[in-house]
Every structure is written in structure tokens, then in C-alpha cells.
Amino acid sequence: LFELTIHDPLTHAYNRRYLNAHLRSELAFAARQGQSIGLLLVDIDHFKRVNDSYGHRMGDVVLQLVAATIQRTLRPYDALCRYGGEEFVVVARHSSLRNAQILAERIRNNIENIRFDGPGTPASVTVSVGVTAVRPDGDPIEAEALLQTIDEALYAAKNAGRNRVHIGQPKTHPQTQRTQPPHTIPPIP
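Keep in mind the model is a prediction, meaning the values are calculated, not measured.

So, on to helix α2 (residues 16-33). In a regular helix each residue adds 1.5 Å, so 18 residues correspond to 26 Å; α2 covers 25 Å between its end C-alpha atoms and thus fits that length. Among the residues of α2, Y18, L19, H22, L23, E26, L27 and A30 are the ones counted as buried. For α2, the N-terminal capping position is held by N15, with its side-chain oxygen 3.2 Å away from the main-chain nitrogen of R17. Following α2 by one or two positions, G34 has its phi on the positive side, about 70°.

Structure representation (C-alpha cells):
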């Protein structure tokens, strides 16, 4: 019964209820271990077109294919959670911003290569991904603020043309900004 309460029945990913508790737990673990944590928000581009063109049953199949593809890309201790209709959050333990970006690009590429049976011809989907990473160092980091950061990064990816990864920088306290120089991540070719 417990498993049923924490998993999405369609995709078998964890559900949003689990995400809320898990993210707080992972942030606390990362702070104790002095490790960073990566977060990705993966959204299927133009998903409404899939439902409109192929029907909701095929939309469900696409959601299952995308979730399975993401899950195969993750490490055993990373968590895949269904966040909304066609959105998934990945919580990547011990992951720098660079590693989270690489993971996001790998997921994006793997999903772009999925084919499903459309009427008469194979069809495909793409995803846009918002990415961030933090290293909790004593300053309280709110899980909700991190989710907001990846949501903003996701929308930046969509506004830039979709089928891409965009990095969001979490908002930090002024004291943290003074002691930690900003860093930029070059795009992956």
C-alpha cells in the first residue's frame, strides 16, 4: 500500500508527494555529506499535439516511454518523479552543475531518438530541460525555491526554441554571494 501512495500508476515514477519529502531529505543528506545535488525538470515539447494527433491512449504510451527512457539513464540512487502532466523531475545525488547538465543532455538526446507508432509512420517527441545544482553549506535551501529555479530554466529552454537544456542558478543569500564567486558552465557541444 505504501508503494501505491508514492508512485505514479501510469509511468511508475515516483509521484509529487514523494518528491516533496525526498527532496528535503536529499538536501539534508547533501549538507551532512558536503555534497552537491542536481535537479532537472524535463518537459515533453508540444505534448498536446501528441494527444490531439494520436489520441490520449498514445499520449499515455509516450509518457511511459519517456519515463522509462529517463529511468534507464539514471543511476540507481537518483530519483525520477512525475511532477505534472508531462513533466518529470530528476533528483541526482552527488551531482555537480556540470554533471547535471551532462545528464540532462543525455536524457534529451535519448528521448529525441525514441520512436513510437504513429498512424502510418513512426513518430517522435523532444524534451526541454531546466537544470540546477546546489551544495548546501549551512544556509537553509528551500526545496520550493529549487523547484522554482528549474521551472524558470525550463521555460527559458522552451522560449529559446525547445529541445534544449537550460541552466538556472538558484538564488542565494547575500552572504553566500559574497563568499562564493559565480561560475559559468560552457554549453556542451
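Don't stop here, the text continues.
With that settled, the discussion passes to the packing of aromatic side chains. For the structure shown, the criterion picks out 2 aromatic pairs. Here the aromatic rings of Y14 and Y18 are separated by 3.8 Å at their centres, their planes lie at 15°, and the arrangement is stacked. Over the aromatic face of Y83 sits the side chain of R16, whose NZ or CZ is 4.0 Å from the ring centroid. Of note, R93 hangs over the ring of F29, and the distance from its end group to the ring centre comes to 4.1 Å.

Before going further, it helps to examine the pairing of strand β3 (residues 87-93). Most of β3 is tucked away: 6 of the 7 residues are buried. Sheet topology note: the strand β1 (residues 37-44)/β3 ladder contains 7 bridges and is antiparallel. The partner of L39 across the bridge, within β3, is V91. Here strand β2 (residues 79-82) pairs with β3 via 4 bridges, running antiparallel.

Quick look at the side chain of N51 now. As for its placement among the helices and strands, N51 is situated in helix α3 (residues 47-54). The buried category is assigned to N51, whose relative accessible area is 14%. Every residue in contact with N51, bar those within four places of it in the chain, is listed here: H56 and G59.

For an α-helix, 3.6 residues make a turn, and residues three or four places apart therefore share a direction. Here helix α4 (residues 56-73) is 18 residues long and its end C-alpha atoms lie 26 Å apart, about the 26 Å a rise of 1.5 Å per residue gives. Where α4 is concerned, the buried positions are M58, G59, V62, L63, V66, A67, T69, I70 and T73. Against β1, α3, β2, β3, α5 (97-112) and β4 (116-117) lie the buried residues of α4.

Ranked by internal contacts, the top residues of the largest apolar core, which has 33 residues, are L40, V62, I70, I107 and I111. Elements with a minimum of two residues in this core: β1, α3, α4, β3, α5 and β6 (127-134). What I107 contacts, discounting residues up to four positions off in sequence, is L40, V42, I70, T73, L74 and V90.

What follows concerns the sheet that holds β6. Read across the open sheet, the 5 strands follow the order β2-β3-β1-β6-β7; overall the sheet is mixed. Whereas interior strands pair on both sides, the edge strands pair on one side only; in this sheet they are β2 and β7 (165-167). Ignoring which end each strand starts from, the neighbouring axes of this sheet average 20° apart. As defined by bridge partners, β1 adjoins β6 across 8 bridges and the pair is classed as antiparallel. When the sheet's bridge partners are listed, L40 is paired in β6 with V131.

Calculation rules
- Residues numbered from 1 in each chain as written.
- Predicted model: local features only at pLDDT ≥ 70, side-chain atom pairs only at ≥ 80, totals over all residues.
- Heavy atoms only, no water.
- Helix = DSSP H or I, 4+ residues; strand = E, 2+ residues; numbered from the N terminus.
- Expected span 1.5 Å × (residues − 1).
- Buried < 20%, exposed > 50% of the residue type's maximum accessible area, 1.4 Å probe, protein only.
- Polar contact = N/O pair within 3.5 Å; in protein donor to acceptor, adjacent residues only side chain to side chain.
- Phe/Tyr/Trp six-rings, centres within 6.5 Å; stacked < 30°, edge-to-face > 60°.
- Lys NZ or Arg CZ within 6 Å of the ring centre and 35° of its normal.
- Pairing = 2+ DSSP bridges.
- Contact = heavy atoms within 4.5 Å.
- Core = buried A, V, L, I, M, F, W, Y, C linked by side-chain atoms within 4.5 Å.
- Axes fitted to C-alpha atoms, helices over the stretch in contact; angles between N-to-C directions.

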